[in-house]
Amino acid sequence: MKIPQIPESDVTDEAVFLNRRSLLRLGATAAIGASLAGCPAANEADAASKEAAGASDRRRLPNVAPAPPEFRVDEKPTRERDATRYNNFYEFGTDKKDPARHAGRLRTEPWSVVVDGEVAKPGRVPLETILTPSRLEERIYRFRCVETWSMVVPWIGLPLGDVLARFEPTSKARFVSFETLFDPEQMPGQRRRVIDWPYREGLRMDEAMHPLSIFAVGMYGRVLPNQNGAPLRLIVPWKYGFKSIKSIVRIHFSEKRPHTSWNDLAPDEYGFYANVNPEVAHPRWSQARERRLGEFRKRPTLPFNGYADQVASLYADMDLRRNF
Ligand code: MTE
């Protein structure tokens, strides 16, 4: 990732806005929530008046279980506007404003995910099937990008482990990896090979099964905006944000450690584990401090992004300077 420090003007710049067309397309994204919930789709006049009022027209997700205390940080959530206008999603361009500008063209319905590798129940699974047996839950998590910006986001999703278990991974499955859609027609950033597309990420099975790891389908009470990874993304809150892969179309179980995009691109800079660690500097900048989107002063970064009590034991026998 190319930007170690974020000028505050970028974070608070509100000149980025979605034009009416892309708002309407975001409305189409929301249809996933609508089909799950049986809600009617937003109409155009509705979207236009909401746009005028500056409100989101994304579909509200009903019947979401509130986050239990262990899954809710007691810190002020980042403004929705900042979390949805300042993004990393290189499939739509490398500028922080590109995803909000261009992701409206992504068609998120219908959506399905290919499940394969070391698993008893492989196949192509419609998103609705992935979501239906479980009740959606809110999780209020810290999120720390390797570039040193951070946020607190009320995500909506379901435990990753619950979903993965349904496919019945075999005893050989030691890792699980994920791929983002590859479609340069819809994702103009993929016309340039800044990454060896598709974007790939992976976890060790015990990390994936940890109760903090989720598949997110929404944020701030509504379906995910496309720029934040609709319709299905990973959230692993104790790891740097690049592990939280967006717009997932494949889940692969393997015995061997998978190739992952940033680790392949620059192994000295981006480790496979990528656990948030203020003591291990990136070769080009310190990881000791971070700046919350919308705030001016930096604050100290916490080991495992503040989740050490819950996850440090996963790495008890590892040298975290070597396995960064
Ligand atoms: N997933 C895909 N497919 N492509 C990306 O470029 N960027 C990652 C991660 N997931 C990325 C991705 C990085 S570097 C970060 S910090 C987070 O998404 C940013 O998530 P946000 O835009 O929702 O804040």
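Residues numbered from 1 in each chain as written. Predicted model: local features only at pLDDT ≥ 70, side-chain atom pairs only at ≥ 80, totals over all residues. Heavy atoms only, no water.

Teacher, can you tell me more about the overall build of the protein chain here?
Counting its secondary structure elements, the protein chain contains 11 helices and 12 strands. By the burial criterion, 56% of the 324 residues in the protein chain qualify as buried. Carbon and sulfur atoms provide 51% of the accessible area of the protein chain, an area that totals close to 14000 Å². (Helix = DSSP H or I, 4+ residues; strand = E, 2+ residues; numbered from the N terminus. Buried < 20%, exposed > 50% of the residue type's maximum accessible area, 1.4 Å probe, protein only. Areas by Shrake-Rupley, 256 points an atom, 1.4 Å probe, with all protein chains shown as cover.)

I would appreciate a short explanation of the sheet that holds strand 1 (residues 112-117) in the present structure.
Two strands in a sheet stick together by hydrogen bonds in their backbones, pointing the same way (parallel) or opposite ways (antiparallel). Overall, mixed pairing links the 5 strands, which are arranged 2-1-10-5-6 in an open sheet. Looking at which strands have only one partner, the edges of the open sheet turn out to be strand 2 (123-126) and strand 6 (200-204). Taken pair by pair, the neighbouring strands of this sheet meet at an average axis angle of 20°, ignoring direction. Judged from the 5 bridges that link them, strand 5 (residues 175-180) and strand 6 form a sheet pairing that is antiparallel. Note that in strand 6 the partner of V176 across the bridge is L203. (Pairing = 2+ DSSP bridges. Axes fitted to C-alpha atoms, helices over the stretch in contact; angles between N-to-C directions.)

Explanation requested: the packing of aromatic side chains in the structure shown.
The geometry of two aromatic rings is summed up by the distance between their centres and the angle between their planes. Throughout the structure, instances matching the rule amount to 13 aromatic pairs. Each member of the aromatic cluster is reached from another via a ring pair, and the members are F175, F272, Y273, F304 and Y315. The aromatic ring of F71 is capped on one face by R139, whose charged end is 3.7 Å from the ring centroid. (Phe/Tyr/Trp six-rings, centres within 6.5 Å; stacked < 30°, edge-to-face > 60°. Lys NZ or Arg CZ within 6 Å of the ring centre and 35° of its normal.)

Where do I start with the site of the ligand in this structure?
With respect to spatial proximity, 19 residues lie near the ligand, and among them Y90, E91, T180, R233 and K246 are the closest. One of the backbone N or O atoms of N88 is found 3.3 Å from a nitrogen atom in the ligand. A distance of 2.9 Å separates a nitrogen atom of the ligand from a polar atom in the backbone of S244. The protein chains hide 100% of the 530 Å² of surface that the ligand would expose on its own. Split into classes, the residues belonging to the shell around the ligand amount to 10 nonpolar, 6 polar and 3 charged. (Near = heavy atom within 4 Å. Polar contact = N/O pair within 3.5 Å; in protein donor to acceptor, adjacent residues only side chain to side chain. Nonpolar A, V, L, I, M, F, W, Y, C, P; charged D, E, K, R; others polar.)

What exactly am I supposed to notice about the pattern of salt bridges here?
Note on pairing: side chains with opposite charge can pair once their charged atoms come close. What the rule picks out here adds up to 20 salt bridges. Between D116 and R250 there is a salt bridge, with the nearest N and O atoms lying 2.9 Å from each other. In this pair, D116 is assigned in strand 1 and R250 in strand 10 (residues 248-254), connecting sequence segments 134 residues apart. With relative accessibility at 24%, the residue R250 sits in the partly exposed group. (Salt bridge = Lys/Arg side-chain N within 4 Å of Asp/Glu carboxyl O.)

Nothing here speaks to function; it is all geometry.
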